[in-house]
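Listed below, chain by chain, are the residues.
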Amino acid sequence: MTGEGRRMMRKICLGFVFLFLFVSCMNNKKTNINPFSTITSMVDSASHHAEMADTLQNNDWQEEEEEPGGDELFDDFIFNYASDSAMQRKRTVFPLPYYNVDTPQKIEERYWKHDSLFTGQSYYTLLFDNEEEMEMVGDTALSSVQVEWIYLKTRMVKKYYFERKKGKWMLEAVNLRRMEKGENENFVEFYARFVTDSLYQSRHISNPIQYVTIDPDDEFSILETTLDINQWYAFRPSLPADRLSNINYGQKNDDLSNSKILKVNGIGNGYSNIFYFRRRGGEWVLYKYEDTSI
């Protein structure tokens, strides 16, 4: 090869070397454009996971908020509790203390059976000593309420103890026991006979009896009148004869009280009856009957 040819080859080789170095530098520059790219990706990934966690947490919170608890008013809560099996398990403390007369027991969650309380029938009843106590029904400051079954024939009482903690009502215990002396027994004994013995009933009704109802000519007006004993038997409703329910919001239900009010509320049917009793000379008498059913 001539000298001129060797010089040309040297230029071509140098050109390839410079081209190779240039491309390498460019590649290195591209690689090092963002030296924190790996960290940025990690941060972005962590942020993504945090956002996902917040979303899941918010969904959990929404699900919890949407649970049909109705904890402000106990009445709203107890109807949801009695009708919703899933909610009932969430709002029951397990293992649940259960006192079966003289035998203390504990019910594990796996053995719990849904308890519909009084929602399995078309009405429920409430007991008060006076009209002032009836205002407790709408009290939103309550933290302790008991739901009771009073069995008229056996003189047994089954009581459910509900407590509101951290804003949520929970069933904390159930107690089945015999009715003790001085625990509404006199009134319960009277009432059990009053609803099953017509002759006895007729002797323990004021004649005439005060009668309060909706005016048939104006459904927005209340009519106050009286009924004689014959009219009572024509108008009287059927009364619970086997058992009474009661929600104890804090009313005394004092056995020494000389007055008792039995309120019968329909469940989803607009039924509302109130029976007023008083004790005179040791004898209980029904002196007032109120029917405001719609």
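Here, the structure is the one placed above.
Here the structure is a predicted model, which is why all the values come from computation and not from measurement. (Residues numbered from 1 in each chain as written. Predicted model: local features only at pLDDT ≥ 70, side-chain atom pairs only at ≥ 80, totals over all residues. Heavy atoms only, no water.)

**Student:** Tell me about the pattern of salt bridges, and name the residues and values.
**Tutor:** Applying the stated criterion to the full structure yields six salt bridges. Residue lysine 153 is joined to aspartate 242 by a salt bridge in which the shortest nitrogen-to-oxygen separation is 3.8 Å. In this pair, lysine 153 is assigned in the loop between β4 (144-151) and β5 (156-165) and aspartate 242 in the loop between α7 (229-235) and β9 (243-248), connecting sequence segments 89 residues apart. Neither residue differs from the other here; lysine 153 and aspartate 242 are each classed as exposed. (Salt bridge = Lys/Arg side-chain N within 4 Å of Asp/Glu carboxyl O. Helix = DSSP H or I, 4+ residues; strand = E, 2+ residues; numbered from the N terminus. Buried < 20%, exposed > 50% of the residue type's maximum accessible area, 1.4 Å probe, protein only.)

**Student:** Give me the packing of aromatic side chains: which residues, what numbers.
**Tutor:** Under the counting rule described, the total for this entry stands at 25 aromatic pairs. Relative to tyrosine 124, the ring of phenylalanine 79 lies with its centre 5.6 Å away and its plane at 70°, an arrangement referred to as edge-to-face. In this pair, phenylalanine 79 is assigned in helix α3 (residues 74-83) and tyrosine 124 in strand β3 (residues 123-128), connecting sequence segments 45 residues apart. Overall, phenylalanine 79 belongs to the partly exposed group, its relative accessible area being 24%. Between tyrosine 81 and phenylalanine 162, the aromatic rings sit 5.3 Å apart at their centres with planes inclined by 90°, giving edge-to-face as the arrangement. A residue pair is termed long-range when its members are at least 10 positions apart, and tyrosine 81 in helix α3 and phenylalanine 162 in strand β5 qualify at 81 residues. The class of tyrosine 81 is buried, set by a relative accessible area of 2%. Sitting above the plane of the tryptophan 149 ring, arginine 243 keeps its charged end 3.7 Å from the centroid. The ring of tyrosine 276 has lysine 288 lying over it, and the distance from NZ or CZ to the ring centre is 4.7 Å. (Phe/Tyr/Trp six-rings, centres within 6.5 Å; stacked < 30°, edge-to-face > 60°. Lys NZ or Arg CZ within 6 Å of the ring centre and 35° of its normal.)

**Student:** Lay out the nonpolar core with the relevant residues and their values.
**Tutor:** The biggest cluster of nonpolar side chains holds 33 residues, and the ones touching the most others in it are Phe74, Ile78, Phe162 and Ile247. Where this core is concerned, the elements lending two or more residues are α3, β1 (96-100), β3, β4, β5, β6 (168-178) and β11 (272-280). A per-element tally of this core places α3 first, with five residues. With residues up to four places along the chain from it excluded, the contact list for phenylalanine 74 reads Val145, Val147, Phe162, Trp169, Ile247 and Tyr249. The next biggest cluster of nonpolar side chains, apart from the first, holds 28 residues, and it includes Leu152, Val188, Tyr191 and Leu262. (Core = buried A, V, L, I, M, F, W, Y, C linked by side-chain atoms within 4.5 Å. Contact = heavy atoms within 4.5 Å.)

**Student:** Break down the side chain of asparagine 265 for me, with residues and values.
**Tutor:** Assignment of secondary structure puts asparagine 265 in strand β10 (residues 259-266). When its relative accessible area of 11% is taken as the criterion, asparagine 265 is described as buried. Polar side-chain contacts of asparagine 265 include one of 2.6 Å to the side chain of lysine 263. Apart from the residues within four sequence positions on either side, asparagine 265 is in contact with Ser122, Tyr123, Tyr124, Leu126, Tyr271 and Ser272. (Polar contact = N/O pair within 3.5 Å; in protein donor to acceptor, adjacent residues only side chain to side chain.)

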